[in-house]
Amino acid sequence: MMIINSIFSEFLKYSVTPLRYKQNLAEQTVMEEVSQYIPSLMAWLSKHTCVSDSSGRSPAAEKKFGLKGKIDLTVKAQLRKTKASREEVKVLPLELKTGKASFSSEHKGQVTLYSMMCSDRRPDPQEGILLYLKHGEMETVTVKPESKSGLVQLRNRLARDLSRQVTTETDENGRKTYFLGSLPPPINNERACSKCSHLQTCSIYQRSVEKPELPPNHAMSKLVPEAMGHLDGEDLAYFLHWILCLDVEGKESGRRQLSSIWCTSGQQREKEGDCLSNMVITASELGIPESQSFNDGKGCSLTFSRHPSYAGAALNTVGLTTGDMVVLSSEDGHLIALATGFVRNISATLVEIVVDRDYLHKTSEYKDVKFRLDRNDSFSTAGYLYTSLSKLMDPTPQGSWLRNLIIKRQAPEFELKVSKSCLYKVKSIFKPLNKPQRTAILKVLMAKDYVLIKGFPGTGKTSTIVALVKILQLLGLSVLLTSYTHSAVDNILLKLKKEGVHFLRLGRQGRIHPSILPHCAEILTSSPSINSVQALRKFYDSYSIVATSCLGVSNHPVFQQRSFDVCVVDEASQVLQPACLGPLFHCRKFVLVGDPKQLPPVVQSKEARSLGMDESLFVKLDNRGATYDLNLQYRMNRVIMELSNRLVYEGQLLCGDPSVAEQCLQIDTSLLSDQPKWQKAALSPKIQNSVVFIDTQKIAATEIQDGKGLKNKMEADIVLILLKQLMKAKVGGETVGVISPYRSQVQLLQQMVHACLPLAGVEVNTVDQYQGRDKSVIIVSFVRTETDNVGELLKDLRRLNVALTRARCKLILIGNTVALKVYDNLAPLLSWLQETQNVSFYVFVSLLGKFDQCKNSGGKLRLSD
DNA sequence: ACTCTGCTGAGAGGA
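Keep in mind the model is a prediction, meaning the values are calculated, not measured.

Conventions and cut-offs
Residues numbered from 1 in each chain as written. Chains lettered and ligands numbered in written order. Predicted model: local features only at pLDDT ≥ 70, side-chain atom pairs only at ≥ 80, totals over all residues. Heavy atoms only, no water. Pairing = 2+ DSSP bridges. Helix = DSSP H or I, 4+ residues; strand = E, 2+ residues; numbered from the N terminus. Axes fitted to C-alpha atoms, helices over the stretch in contact; angles between N-to-C directions. Phe/Tyr/Trp six-rings, centres within 6.5 Å; stacked < 30°, edge-to-face > 60°. Buried < 20%, exposed > 50% of the residue type's maximum accessible area, 1.4 Å probe, protein only. Arc of directions from axis to C-beta. Contact = heavy atoms within 4.5 Å. Core = buried A, V, L, I, M, F, W, Y, C linked by side-chain atoms within 4.5 Å. Parallel < 35°, antiparallel > 145°, perpendicular 65-115°, else oblique. Nonpolar A, V, L, I, M, F, W, Y, C, P; charged D, E, K, R; others polar. Salt bridge = Lys/Arg side-chain N within 4 Å of Asp/Glu carboxyl O. Lys, Arg positive; Asp, Glu negative; His and termini not counted. Polar contact = N/O pair within 3.5 Å; in protein donor to acceptor, adjacent residues only side chain to side chain. Expected span 1.5 Å × (residues − 1). UniProt positions renumbered as here; feature names shortened; annotations may be inferred.

## Remarks on the sheet that holds strand E12 (residues 339-346)
Where strands meet in a sheet, backbone hydrogen bonds hold them as pairs that are either parallel or antiparallel.
And step 1. If you trace the six strands once around the closed barrel, you get E9-E10-E13-E12-E11-E14, paired in antiparallel fashion. Geometrically, the sheet is characterised by an average inter-axis angle of 45° between neighbouring strands, direction not taken into account.
And step 2. Judged from the five bridges that link them, strand E10 (residues 300-306) and strand E13 (residues 351-355) form a sheet pairing that is antiparallel. Of the residues in E13, the one forming a bridge with Ser301 is Val354.

Structure, rendered in structure tokens:
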């Protein structure tokens, strides 16, 4: 059965309903196409096989030659070379082809590679079988040593060329300039190249980077100008700029490769937090729903524990967490990349992963095998980003519309007014909105191209999007709702759900909020009533609102078939420009929502940042007459708001409501007896004391390098004293947040809070994680005390802005003013706080001389006045 | 000089 199943799964690639939908195939065509292969297949089976269930296991990757691929089928074959020679039995790779028998060198080469892969786990078969199912032709491909070395050499050459994509030149001042590297000269084959899907990109690259010297009459001399005739110099410059950014980021951030699995031991990789070593399988289970997005089978999960002989760290402290992608291999290096999957559950002693291969369910074969689970980061979104850039260059109306708006920065157009009947329809949704929110929505209705909605902190971005989506739906317009993160998408959807709006959510189930799962496409389409292309199309078309992540747009079949009236991108100022393009290919106008004064897209390498890679599409399109500010905020009281108005918003931020402006910390100070003065000041409920800075410059609160991170124990102690006081004075723990720019400090604080105030509900997190959220009370621990070796992190005004705009009533800042003055952004803030301390809200608390007292009390911190 | 979310992929064929 295994053999037959494997063979039929080959056909399944064509018969899976979503795929047919994606390729817009009629049901019958597919069935006819599939059924024509069945007779020759059955004939072949009866002639050559006695059906027995061999394991059917085929390697996914190979160690000796560094190959990776999936073999259709391995068969145990009895071979009789000549009449004289004895029968030989060996396991061979079998490659199925549904087309006409060509026995082309490509096909033979593929079998050669598979045979090489087999040789890593079994005796080298040195041959393989090609089976063409159209007429049932079969041929044994004999693998010659020279074709092996030929293929490996070819691969190595290509790998070398691709690894030199970026070249650098360093000038006398040590400044680096990056250049795109060139590839080997193009082949001269008009027939192949004219139909190649990469012709356009290849042409741009040849024209702008490689500039090969071609002989006269070379196919490319004609094809290149044809392929890029619709592009001008500006288009090319944009394209090349972003390709360079992506290349530099890839090079400098040092992407981890799969090869590290066979170059580094499991225990070594575990130290780096990227691997669980010495694992054994303890259980397996079939029928795992989460596997659906990548598995045609029933979905298999495997549970591992440590091998009894190995006393490693608790599994959930190593660094792998739920949802991480992993590769499964054996410790001895015999089974490389046996399967890939993701972590479903992880505890101190057990880890459960969902794998892409159902046959691993039969775990008896592996009972003596020690496994390792490596984080699978080798895959990156880069491929998708390159594709989006190339799509932007396409000679399509959509491509040229987007190029005009984005690259040429053509002014977006608007209708002059919104019709009366339209206004009447949306009246009730408009009612609870404030003026800037209404203006922004009206502009979206009038826009022909795009609108940017700049949502300052606490100004009701989500409510505005919710209202906008409802209005668009009411007007009969379809909406593609996206954001960079799944959590931001679900944030909006949770509100829409509450209002009874009908929508469809696409994306991996593991990433989707539990209460949104019932709206998830995979779950809804699994209903037995959706069993044909028509039913599936009807299902997808019945939703006017479709929501997913920006990158989730890339591969879903819906987007090959559908276009939307309006696309909304939330968090748009945090989305990499090429990633933001994805959803825009599928809409007639778009709305970007964000705030460029808050955090920019994550770019790992400083080099790529210096090229401008962190410029979001939001920033690129800002100031083109289509930006509308939401400036009425409902979060911070006037004192806290004033701080970020000084720092970044230049007075534009206004309180949306007088009660917001005057809100103060609700604290029962009568419960706090003989408090030192600095604590009294820090926790004062008076509005003029809403922002407090606790300066640690006079006490020994020094930053500590902790592996890759930074932490500051003394600052953490001060945070904890304040938290305890707050809890004592009946301030709800869930209304209090602690923020630090540094992960290590966050971890330290989390441990301490967990130990001392386990049930209080105080949330400790990084600045980055707190974006988009707020708490009544926020305590910020700045950590840094050194004045040299200043870090990148605090240099970013946007990160500081986020830290300062999370608090509603009380913002307590803890840091060393001498060290923090080194930062250009912080210096004016600090001096302003110091200057105005008498007139407004800066409370300067000196802890001079208190450190000795701490030491005397046996290491226990006891800060008194 | 430390901040972090995305994405399964490999191969299906047609001259």
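## Some details on the packing of aromatic side chains
And step 1. Going through the model one piece at a time under the given rule, you end up with 10 aromatic pairs.
And step 2. Consider the rings of Phe304 and Phe371, whose centres lie 5.8 Å apart with planes at 80°: the pair is edge-to-face. Of this pair, Phe304 sits in strand E10 while Phe371 sits in strand E14 (residues 371-375); the two residues are 67 residues apart in sequence, bridging distant segments of the chain. This pair shows no difference in class: Phe304 is buried, exactly as Phe371 is.
And step 3. Centroid distance Phe693 to Phe782: 6.3 Å. Interplanar angle 15°. Geometry classified as stacked. Taken together, the residues span a long stretch of sequence, with Phe693 in strand E24 (residues 691-695) and Phe782 in the loop between strand E29 (775-781) and helix H31 (797-804) at a distance of 89 residues. No difference in accessibility class separates Phe693 from Phe782, as the two residues are buried.
And step 4. Members of the aromatic cluster, each reached through a chain of ring pairs, are Phe304, Tyr366 and Phe371.

## A closer look at helix H15 (residues 420-430)
And step 1. Taken residue by residue, H15 has Cys422, Val426, Ile429 and Phe430 as its buried positions. Down the axis of H15, the smallest arc covering the buried residues is 80°, so these residues share one side. The exposed set on the far side of H15, more than 90 degrees from its buried face, consists of Lys420, Ser421, Tyr424, Lys427 and Ser428.
And step 2. The elements touched by buried residues of H15 are helix H16 (435-446) and helix H17 (461-474).

## Focus: the nonpolar core
And step 1. Grouped together as the largest cluster of nonpolar side chains are 72 residues, with contacts concentrated most on Phe590 and Leu592.
And step 2. With 10 residues, helix H10 (residues 233-252) is the single largest residue contributor to this core.
And step 3. If we skip the residues at most four places from it in the chain, Phe590 touches Trp401, Leu402, Leu405, Asp449, Tyr450, Val451, Cys567, Leu584 and Leu621.

## Quick word on the packing of helix H8 (residues 199-210) against helix H9 (residues 219-227)
And step 1. H9 packs onto H8 with a crossing angle of 105° between their chain directions and a minimal axis gap of 9 Å. The angle between H8 and H9 falls in the class roughly perpendicular. Contacts between H8 and H9 involve Leu199, Gln200, Ser203, Gln206 and Arg207 from the former and Met220, Leu223, Val224, Pro225 and Ala227 from the latter.
And step 2. Grouping the amino acids of the contact of H8 with H9 by side-chain chemistry returns six nonpolar, three polar and one charged.

## Topic: the pattern of salt bridges
And step 1. This structure, assessed with the given rule, holds 29 salt bridges.
And step 2. Here Arg306 makes a salt bridge to Glu270, at a shortest N to O gap of 2.7 Å. With a gap of 36 residues between them, Arg306 in strand E10 and Glu270 in helix H12 (residues 266-271) connect regions that are remote in the sequence. With respect to class, Arg306 is no different from Glu270; both count as buried.
And step 3. One salt bridge in this structure joins Arg646 and Glu642, with 3.3 Å as the shortest N-O distance.

## Quick look at the side chain of Lys810
And step 1. Relative to the helices and strands, Lys810 is located in strand E30 (residues 807-815).
And step 2. Buried Lys810, no salt bridge; nearest opposite-charge side chain is Glu662, N-O distance 14 Å.
And step 3. There is a polar contact of 2.9 Å between the side chain of Lys810 and the backbone oxygen of Ala682.

## Description of the side chain of Ser115
And step 1. Assignment of secondary structure puts Ser115 in helix H5 (residues 105-118).
And step 2. Classification of Ser115 as buried rests on a relative accessible area of 0%.
And step 3. Ignoring sequence-local partners within four residues, the contact set of Ser115 consists of Pro93, Asp124, Pro125, Gln126, Glu127 and Val143.

## Focus: helix H18 (residues 486-498)
And step 1. With 13 residues, H18 extends 18 Å from end C-alpha to end C-alpha; this agrees with the ideal 18 Å at 1.5 Å per step.
And step 2. When we look at burial in H18, the residues that qualify are His486, Ala488, Val489, Asp490, Ile492, Leu493 and Leu496.
And step 3. The inward-facing, buried residues of H18 contact H17, strand E16 (479-483), strand E17 (504-505), strand E18 (545-549) and strand E19 (564-570).
And step 4. Note on H18: the residue one or two positions beyond its end, Gly500, has a positive phi of about 75°.

## Things to note about the UniProt feature "domain: DNA2/NAM7 helicase-like C-terminal" (unreviewed entry) in chain A
And step 1. What UniProt calls "domain: DNA2/NAM7 helicase-like C-terminal" (unreviewed entry) maps, in this numbering, to residues 613-817.
And step 2. Annotated as 35% helix and 21% strand, the span residues 613-817 places its first and last C-alpha atoms 32 Å apart.

## Points about the sheet that holds strand E4 (residues 88-97)
And step 1. On the basis of which strands lie adjacent, the open sheet formed by four strands has the order E3-E4-E5-E6 and mixed pairing. In this open sheet, the two edge strands, each paired with only one partner strand, are strand E3 (73-79) and strand E6 (137-142). Taking the axes of each pair of neighbouring strands and ignoring which way they run, one obtains an average angle of 35° across the sheet.
And step 2. Bridging between strand E5 (residues 127-132) and E6 involves six bridges; their strand directions are antiparallel. Across the sheet, the residue bridging to Ile129 is Thr140, located in E6.
And step 3. Each of E3, E4, E5 and E6 is contacted by H5, which is oriented at about 135° to E4, the strand it contacts most.

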